[in-house]
Amino acid sequence: MAYANRNQGVFIPYHQLVDLRSLNHPHVTFVPGPPIGLINPRNGPVGPPQFVPIGATFNRSFHELLIRMEEEKSRSLLQFMAGEGLVPSPEEEIKRKVAIEKLKQIVMEWIKRVACNCGLDERRLRAASAAVLTYGSYGLGVHNSESDIDALCVGPRFATMGEDFFVVLHNMLTSRPEVSEVHCVKDAKVPLMRFKLDGISIDLPYAQLKVMSVPENVDILNLYYLRNIDETSWRSLSGVHANKWILRLIPNTKVFQSLLRCIKLWAKRRGVYGNLLGFFGGVHLAILGAFICQRYPNARLSGLISSFFGTFAFWDWPKPIILQDGTSPISGSAAEPRSLMPIRLPCRPHEYCHSNITKSTFYRIRVEFIRGHTLTKDLLRPDFDWGCLFEPFPYAKKYTRFVKICLSASDQDELGEWVGWVKSRFRSLLVKLEEIQGFCDPNPTEYVDVNVAEPNTVFYWGLQPERSHFLDIKPVKDDFVKSLSNGPTGKITLSVVQASQLPKNAQFDSESNKGYLNPNANLNYPTAAG
């Protein structure tokens, strides 16, 4: 982003500085100006970006040139995103809308059946209603052809979670030919059913309101509907709450959606996406993206990308990320106690996003922020290539040893429940490995071991490169297995393998060194001592 003052001087954020003479544009005229100087580029070692006055005065045509260059870079990024399949086709959009309408019909049939089972009178039976509200990537309009749908079932006071949702609705879903792979996840912080409808994966939690009927277009920001609801229902509602507040608070929805698509692709390619693995989840990235959009409300997409990395590469964690909602900050409000990167949900009463970030994943995320900043701080260069920002993280080049976690079960349905249960406990395994090794990088990608006869899912977690001594994995496994009791059952094996033993599809070779900041240059790996 470039800013012109009334004297036609140009101000550029320091993290977007370029060698202006390298632009070599015939319409740029350099005239003597004030000395070049940085104005507090960082507030301490990790301060936010500040504006830097360039030590020359330019005519108006140069300012217009910068705007055109930003527009061109934004267009090229949108073209890159389209080439990556980040925007679903019209046919895929229709398929999702049809699936949601079918789900709404099933839920309406369900609530009528529950009302009948409860013996409600004819008037209340006719009025009985429940709602399905979408949120997550679909609700924010940033889904792609491979995205699942996060949908919330909102029911009235007489429809219980334990019996009516997890039994009656579950049985109705399993009886439908277009529904498959129905799994109940009852012990999670947000209990839900996971299934496929017309081949589209859907996560469906439940919230019970203290009203007799829930209108189809229920406004869940209306305090009338939120009176006296239980804690589980409140947590189930948090995703929808966050979505609605984010869309209210951002200055430009279309630009925000493009930014969020980009940073989600970056996080997935660089191996820092997945809340259960200790990284960012969708809601974390949505709030970070909205935060940048609020800070730079008139910026173009390319400028927002540069500002995103320039801001968070030097953010003073654990200073929390808080969206501006027009209210005064709560005096003395504390951050989420155990989070290394606290991000506040934009809803009332204020609470923080659930976080599984550990010292290892905190390190990995910070390295990737710095790498992104290094690559995008001068993205107006003629030779800048968006592809370098989204190169997959080269695990086989960065680590020599990996912990291989193999989960297996007798069939795919059992495997799905087993993998979901184990992943929900992964943080304790990661913390244990950190205690022994000092650092562990939990690659979120799921693989299949073709040499194992049973259906299986495999994870490969990178171990600290400097540590080559023997790791006895058996006590680590025994300790972790204890945390898996009282849930679905399956098989789990842990072993230490060399990088050469990784499957070919896990040996990423696409990392180029162009513009890449060596993570060891400024940040040290965490150690077992802390």
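**Q** Break down the sheet that holds strand S5 (residues 149-155) for me, citing the residues and quoting the values.
**A** Strand order in the open sheet formed by 5 strands is S4-S5-S8-S7-S6, and the pairing between neighbours is mixed. Looking along the sheet, the strands with just one partner apiece sit at the ends: strand S4 (131-135) and strand S6 (179-185). Strand-to-strand twist across the sheet, computed as the mean angle between neighbouring axes with direction ignored, equals 25°. Here S4 runs beside S5; their pairing, made up of 5 bridges, is antiparallel. In the sheet register, Tyr-135 faces S5, and the bridge partner there is Asp-150.

**Q** Tell me what's going on with the sheet that holds strand S9 (residues 401-408), and back it up with residues and numbers.
**A** Pairing is antiparallel in the open sheet, where 4 strands are placed in the order S10-S11-S9-S12. Two strands close off the open sheet at either side, each with one partner strand: strand S10 (440-442) and strand S12 (491-498). Taking each pair of neighbouring strands and ignoring which way they run, the sheet shows an average axis angle of 25°. Across 7 bridges, the pairing between S9 and strand S11 (residues 456-463) is antiparallel. What sits directly across from Leu-407, in S11, is Thr-457. Helix H14 (residues 473-482) rests against S9 and S12 of the sheet, and its axis sits at about 150° to S12.

**Q** Hey, could you go over the environment of Phe-312 for me, with residue numbers and the actual values?
**A** Position of Phe-312 relative to the elements: it lies in helix H9 (residues 301-312). Here Phe-312 falls in the buried class, since its relative accessible area comes to 1%. Taking C-alpha positions, Phe-312 is 8.7 Å from His-373, a pair spaced 61 residues apart along the chain. Here Phe-312 is in contact with Leu-288, Phe-291, Ile-292, Trp-317, Ile-321 and Phe-369, once residues within four sequence places are set aside.

**Q** Summarise the pattern of salt bridges; cite the residues concerned and give the values.
**A** The tally for this structure, following the rule as stated, stands at 22 salt bridges. For the salt bridge of Glu-368 with Arg-364, the shortest nitrogen-to-oxygen distance reads 3.0 Å. In this pair, Glu-368 and Arg-364 are both assigned in helix H10 (residues 359-376), 4 residues apart and thus about one turn of the helix distant. Residue Glu-368 shares its accessibility class with Arg-364, and that shared class is buried. Between Arg-371 and Glu-391 there is a salt bridge, with the nearest N and O atoms lying 3.9 Å from each other. One end of the pair, Arg-371, is in helix H10; the other, Glu-391, is in the loop between H10 and helix H11 (395-398), with 20 residues separating them in the sequence. In terms of burial, Arg-371 and Glu-391 fall into one category: buried. One network of salt bridges, with partners in common, ties together Arg-270, Arg-364, Glu-368 and Asp-441.

**Q** Residue-level account of the nonpolar core, with values.
**A** With 109 residues, the main nonpolar core has Ile-305, Phe-312, Phe-369, Ile-405 and Trp-461 as its most contacted residues. Not counting chain neighbours up to four residues away, the residues in contact with Ile-305 comprise Leu-77, Leu-259, Cys-262, Ile-263, Thr-376, Trp-386 and Leu-389. Counting residues in hydrophobic clusters, the runner-up holds 35 residues, among them Trp-110, Leu-120, Val-168 and Ile-200.

**Q** Run through the environment of Ser-483, naming residues and quoting values.
**A** Relative to the elements of secondary structure, Ser-483 occurs in the loop between H14 and S12. Here Ser-483 falls in the partly exposed class, since its relative accessible area comes to 27%. Setting aside residues no more than four positions away along its own chain, Ser-483 makes contact with Trp-421, Arg-425 and Ser-428.

**Q** I'd like to hear about helix H6 (residues 231-249), residue by residue, with values.
**A** Relative to the 27 Å expected for 19 residues at 1.5 Å per residue, H6 spans 26 Å between its end C-alpha atoms, a close match to the ideal helical length. Considering bend angle alone, the principal kink of H6 is centred on Ser-238 and spans about 35°. A distance of 3.1 Å separates the backbone nitrogen of Thr-232 from a side-chain oxygen at the start of H6, and that oxygen is part of Asp-230.

**Q** How would you sum up the confidence of the model for the protein chain? Please name residues and give values.
**A** This prediction gives the protein chain a mean pLDDT of 83; 81% of its residues lie at or above 70. Taken together, the stretch residues 1-57 has pLDDT below 50 and engages in 121 contacts with residues farther than four places along the chain or on a different chain.

Rules used throughout
- Counting starts from 1 at the beginning of each chain's written sequence and moves along it residue by residue.
- Note on the predicted model: pLDDT of at least 70 is required for a residue's local features to be given, and 80 or more for side-chain atom pairs to be given and counted; whole-chain, interface and lining totals, by contrast, use all residues.
- Hydrogens and water molecules were not included; the side-chain quantities draw on all heavy atoms of the structure.
- We treat two strands as partners when DSSP finds at least two bridges between them.
- Only DSSP runs of H or I reaching four residues or more are called helices, and only runs of E reaching two or more are called strands; each is numbered from the N terminus.
- Here an angle of 0 to 180 degrees is reported between the N-to-C directions of two axes, which are lines fitted to C-alpha atoms, with helices fitted over the stretch in contact.
- Whether two residues touch is decided by their heavy atoms; if any such pair falls within 4.5 Å, the residues are in contact.
- Between buried and exposed lies partly exposed: a residue is buried under 20% and exposed over 50% of the maximum accessible area for its type, with that area taken using a 1.4 Å probe on protein chains only.
- In the sections that follow, a salt bridge refers to a side-chain nitrogen of Lys or Arg positioned within 4 Å of a carboxyl oxygen of Asp or Glu.
- What is meant by a nonpolar core is a set of buried Ala, Val, Leu, Ile, Met, Phe, Trp, Tyr and Cys residues, joined one to another through side-chain atoms within 4.5 Å.
- To estimate the expected span of a helix, subtract one from its residue number and multiply by 1.5 Å.
- Values of bend correspond, residue by residue, to the angle between axes fitted over the seven residues ending at that residue and the seven starting there.
- Any pair of nitrogen or oxygen atoms within 3.5 Å is treated as a polar contact; in protein, a donor-acceptor pairing is required on top of that, and neighbouring residues in sequence qualify only through side-chain atoms on both sides.
- pLDDT gives the predictor's per-residue confidence on a scale running from 0 to 100.

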